[in-house]
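# Close look at the chain arrangement
Okay, here's what each chain looks like letter by letter:
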Amino acid sequence: ILYFCSYTVGISAPAILPLASPRWFVRQFTVPKLVFSLMLGMAMAICIGRYTIEHPFLLSDNRHYPFYIWKNVFRRHWVFRYALIPPYIYALAALNRSLSMDTTALWRLGLALCTAAVLVPSPLLEFRYFTVPYFFVRLHIASRTTTRAVLLEALWFAAINAATIWVFINRPFAWASEPGQLQRFMW
């Protein structure tokens, strides 16, 4: 769930950040909200400590973004997993703020439960599992998105895809276990 929220805010930053800017986030801190955020952070720390799973496929297939994110961020040092708690809290708040403008609390709860039902049982971190929940989020913040934000988001998607296609075409590699067979990076 934490990875999904971060992914969604990151991939749709031009659409979400104007609705829930970091300045808005800081202005929202009252004592009760600060206490809630601290309790949420402690719950996240417990979940990260007890339920973070390194799936063998994640660590064995270097053809995907999650492999490099896991290797270069989460495996770098144990503290990095916990250092990401403040961005996770911000991502949750930004998604809630963006969605609360056009949806009910019941709808957001339903989305959270359905997203959890899809993501929690899967021990493998793969962005393709985020696709359906992401589309639901993006469709429900569409009415507040400006033309400028849509254009920036389209450019952001084009840049990510252009980089991925460039690496796919220009940087094939071979695994020691399969000599002579070229492997290619993919989403």
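Located above this text is the structure these notes cover.
In what follows, the accompanying structure is described. Keep in mind the model is a prediction, meaning the values are calculated, not measured.

Mapped onto the fold, L92 is located in helix 8 (residues 85–100). Note: C-alpha distance between L92 and G10 (82 residues apart in sequence) is 12 Å. In this structure L92 touches L2, C5, L40 and M44, once residues within four positions along its chain are discounted.

Where nonpolar side chains cluster on the molecular surface, the patch consists of I69, V73, W78, V79 and F80 and spans about 430 Å² of accessible area. Secondary structure elements with two or more residues in the nonpolar patch: helix 6 (65–74) and helix 7 (78–83). Take the nonpolar patch: its biggest share by element is 3 residues, from helix 7. In this fold, W78 is placed in helix 7. Overall, W78 belongs to the exposed group, its relative accessible area being 58%.

We now examine the state of the cysteines. Across all of its chains, the model carries 0 disulfides by this definition. Left unpaired, C5 is separated from the closest cysteine sulfur, that of C47, by 13 Å. Owing to a relative accessible area of 6%, C5 belongs among the buried residues under this scheme. Summary of cysteine pairing: C114 is not part of a disulfide, and the nearest cysteine sulfur, belonging to C5, is at 14 Å. A residue is classified by how much of its surface remains accessible, and C114, at 52% relative accessible area, is exposed.

The rules behind each value
- Residues numbered from 1 in each chain as written.
- Predicted model: local features only at pLDDT ≥ 70, side-chain atom pairs only at ≥ 80, totals over all residues.
- Heavy atoms only, no water.
- Helix = DSSP H or I, 4+ residues; strand = E, 2+ residues; numbered from the N terminus.
- Contact = heavy atoms within 4.5 Å.
- Patch = residues over 30% accessible without salt bridge, like charges linked within 9 Å, V, L, I, M, F, W, Y side chains within 5 Å.
- Areas by Shrake-Rupley, 256 points an atom, 1.4 Å probe, with all protein chains shown as cover.
- Salt bridge = Lys/Arg side-chain N within 4 Å of Asp/Glu carboxyl O.
- Buried < 20%, exposed > 50% of the residue type's maximum accessible area, 1.4 Å probe, protein only.
- Disulfide = S-S within 2.5 Å.

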